[in-house]
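Report on the structure
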Amino acid sequence: MSKTAIISGASSGIGAATARKFIELGYSVVNIARRESPVDGVINVGADLSTEEGASYAAAQAAENISPGGTVALVHNASLMLKDSVHDCSNVDLMRVLAVNVGAVNTLNRELLPCMSAGSSVIYVGSTLSEKAVAGAHSYVISKHAQLGQMRATCQDLMGSQIHTAMICPGFTDTEMLKQHLGGDAELMHEIGSQNGFGRLVTPEEIAGAITWAHQSPVINGSVIHANLGQIER
Ligand SMILES: NC(=O)c1ccc[n+]([C@@H]2O[C@H](COP(=O)([O-])OP(=O)(O)OC[C@H]3O[C@@H](n4cnc5c(N)ncnc54)[C@H](OP(=O)(O)O)[C@@H]3O)[C@@H](O)[C@H]2O)c1
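This write-up is about the structure you can find in this document. (Residues numbered from 1 in each chain as written. Predicted model: local features only at pLDDT ≥ 70, side-chain atom pairs only at ≥ 80, totals over all residues. Heavy atoms only, no water.)

**Notes on the sheet that holds strand S1 (residues 3-8)**
Applied cut-off: Here, strands pair whenever DSSP counts at least two bridges between them. Each helix is a run of DSSP H or I of at least 4 residues and each strand a run of E of at least 2, with the numbering of both proceeding from the N terminus. For helices, the fitted axis covers only the stretch in contact; all axes are lines through C-alpha atoms, and the angles between them, taken along N-to-C directions, range from 0 to 180 degrees. Two residues form a contact once any of their heavy atoms are found within 4.5 Å.
With parallel pairing, the 7 strands of this open sheet are ordered in space as S3-S2-S1-S4-S5-S6-S7. Both outer strands of the open sheet, strand S3 (43-46) and strand S7 (223-227), are each paired with one neighbouring strand and no more. On average, each strand axis in the sheet is inclined to that of its neighbour by 20 degrees, with strand direction left out of account. Of the strands in this sheet, S1, strand S2 (28-33) and S3 touch helix H2 (residues 52-63), which is tilted by about 155 degrees from S3. Contacts from helix H7 (residues 204-215) reach strand S4 (71-76), strand S5 (121-125), strand S6 (164-170) and S7, with the element oriented near 165 degrees to S6.

**Structural notes on the side chain of Asn228**
Put simply, the test is: Any pair of N or O atoms that falls within 3.5 Å is considered a polar contact. Within protein, one atom must be able to donate a hydrogen and the other to accept it, and sequence-neighbouring residues count only if both atoms are side-chain atoms.
Considering the arrangement of structural elements, one finds Asn228 in the segment after S7. At 2.8 Å, the side chain of Asn228 and the backbone nitrogen of Gly230 are in polar contact. Those residues within four positions of Asn228 in sequence are excluded, and the remaining contacts are Thr128, Gly171, Asn196 and Val202.

**Describing the site of the ligand**
The test is simple: Being near a molecule or strand, for a residue, comes down to having at least one heavy atom within 4 Å of it. Residue-level accessible areas treat just the shown protein chains as cover; the underlying method is Shrake-Rupley with a 1.4 Å probe.
Lining the immediate environment of the ligand, one finds 28 residues, of which Ser11, Ser12, Arg34, Tyr140 and Thr175 sit closest. Arg35 places a polar main-chain atom, nitrogen or oxygen, 2.8 Å from an oxygen atom of the ligand. Residue Asn77 places a main-chain N or O atom 2.7 Å away from an oxygen atom belonging to the ligand. Protein contact buries 93% of the 880 Å² of open area that the ligand shows by itself. Elements that contribute at least two residues to the shell around the ligand include exactly helix H1 (13-24), helix H4 (138-157) and helix H5 (176-181).

**Focus on the pairing of S6**
Successive side chains on a regular strand alternate, one facing one side of the sheet and the next facing the other. We count it as follows: Classification of residues uses two cut-offs on accessible area relative to the type maximum, computed with a 1.4 Å probe and protein chains only: under 20% is buried, over 50% is exposed, and between them is partly exposed. Looking down the strands as they point away from the viewer, one classifies a crossover as right-handed if the path from the first strand across the helix to the second runs clockwise.
Taking burial as the measure, the 7 residues of S6 include 7 buried ones, the bulk of the element. Side chains His164, Ala166, Ile168 and Pro170 project from S6 onto one buried face, and the interleaved Thr165, Met167 and Cys169 project onto a second face that is buried too. Regarding topology, H4 serves as the crossover connection from S5 to the parallel S6, and that connection is right-handed. Across 5 bridges, the pairing between S6 and S7 is parallel. In the sheet register, Ile168 faces S7, and the bridge partner there is Ile225.

Structural data, given as structure tokens:
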């Protein structure tokens, strides 16, 4: 039986590491992003997930790589993170973030689930900020909380389908998104990495391992999995 992984944002960071892992496991892998994946063998669907048309186009292209009866790992990983706060978050920026982080997920689910058979999964890449907030990431925190609701609602709507879902919530992970958010400050990156039980940043490969495991583990249907090396709470 054919096995396909459809990963949004497999052009960098956690998505690229996840694409590599699924390729190693013998899956056909589709990357949905504006840039191509650096991983050999990945099928690239160039699309901008900030518009309904872009997400719909991506779903149609990705669906062409699903064989009837084959299983699919649909991994919602692409994300937009802006720096904003309750004082300055404009509705335009909020809607821009929600379009990528929530709207595109909704479109991909609606349009790809009809092609997905028993044994498939819908895996959400959330964040520690799906369950708590920090200052300075207002729209992102809202969108990540919304994704958690999306995962739980997905679970309820798919009862009996033999398709499971789960959310992996990474802690601080060594990727471009984190670097950008910290303004490229290497010292701050290091300091942030020390805020967990292992005193280092999570690697994209560790999150990729959690994602592939979640896909292969229907018993965790509906679960929120923390993947942060154990955060030190203050
Ligand atoms: N790094 C962390 O510390 C951390 C912590 C918690 C959660 N996360 C979550 O982990 C996931 C992956 O992030 P990352 O850290 O690996 O960041 P990253 O390396 O910056 O990757 C982000 C991905 O999202 C894609 N993307 C963004 N906007 C898009 C758009 N409009 N259309 C299509 N694709 C778009 C990018 O692709 P293109 O630019 O090629 O379009 C890129 O592949 C995200 O959901 C993020 O919220 C990360």
